[in-house]
Amino acid sequence: MAISRLTPSERDEALTALAGWTLSEDGRAIARRFTFADFNEAFGFMTRVALLADKMDHHPEWANVYNRVDITLTTHDAGGLSQRDIKMAEAIEAF
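Residues numbered from 1 in each chain as written. Predicted model: local features only at pLDDT ≥ 70, side-chain atom pairs only at ≥ 80, totals over all residues. Heavy atoms only, no water.

Notes on the packing of aromatic side chains
Working step 1: One pass over the full model with this rule turns up five aromatic pairs.
Working step 2: Here the aromatic rings of Phe36 and Phe45 are separated by 4.9 Å at their centres, their planes lie at 40°, and the arrangement is tilted. In this pair, the class of Phe36 matches that of Phe45, namely buried.
Working step 3: Measuring from ring centre to ring centre gives 6.5 Å for Phe45 and Phe95, while their planes differ by 90°; the resulting arrangement is edge-to-face. Highlighted residues: Phe45 in helix α2 (residues 39-56) and Phe95 in the segment after α3 (83-93), separated in sequence by 50 residues. (Phe/Tyr/Trp six-rings, centres within 6.5 Å; stacked < 30°, edge-to-face > 60°. Buried < 20%, exposed > 50% of the residue type's maximum accessible area, 1.4 Å probe, protein only. Helix = DSSP H or I, 4+ residues; strand = E, 2+ residues; numbered from the N terminus.)

Side note on unusual backbone geometry
Working step 1: The phi torsion at Asp57 lies on the positive side, around 55°, for a residue other than glycine.
Working step 2: Along the chain, Asp57 turns up in the loop between α2 and β3 (61-65).
Working step 3: Judged by its relative accessible area of 53%, Asp57 is exposed.
Working step 4: You will see that Tyr66, though not glycine, has its phi angle at about 50°, which is positive.
Working step 5: In this fold, Tyr66 is placed in the loop between β3 and β4 (68-73).

Some remarks on the sheet that holds strand β2 (residues 30-35)
Working step 1: Taken in spatial order, the four strands of this open sheet run β1-β2-β4-β3, and their pairing is antiparallel. At either margin of the open sheet sits one strand with a lone partner, and together these are β1 (22-23) and β3.
Working step 2: The sheet contact formed by β1 and β2 spans two bridges and is antiparallel. If you follow Thr22 over to β2, its bridge partner there is Ala31.
Working step 3: Sheet strands in contact with α3 are β2 and β4, and its direction is about 15° off that of β2. (Pairing = 2+ DSSP bridges. Contact = heavy atoms within 4.5 Å. Axes fitted to C-alpha atoms, helices over the stretch in contact; angles between N-to-C directions.)

Examining the nonpolar core
Working step 1: In terms of nonpolar packing, the biggest core is built from 23 residues, with Trp21, Ile30, Phe45, Ile71 and Ile92 touching the most fellow members.
Working step 2: Sorting the residues of this core by element identifies α1 (8-16), β2, α2, β4 and α3 as the ones contributing at least two each.
Working step 3: Dropping the residues within four chain positions of it, Ile71 is found in contact with Trp21, Ile30, Ala31, Arg32, Phe34, Phe45, Pro60, Glu61, Trp62 and Ile92. (Core = buried A, V, L, I, M, F, W, Y, C linked by side-chain atoms within 4.5 Å.)

Here's what the structure looks like:
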């Protein structure tokens, strides 16, 4: 089953509901920085996201430095942002 990339209007509408997430310069990904009290809290968050990503079969691009976690979401199979990224961002926000 092919995954469709969001249209610019679908993308913009979805982003209005995702506070803190920003669109990449090329419009093909969304990103957000999360900051925690310390490394342990950041790592716990990453663990929860990793379990979620595995369950959703949609894995983020991310980086961790001490208490900071940077997450980028894009759907490589769609060549950009898809509904899968929006659902993943919404699920991450639930944490």
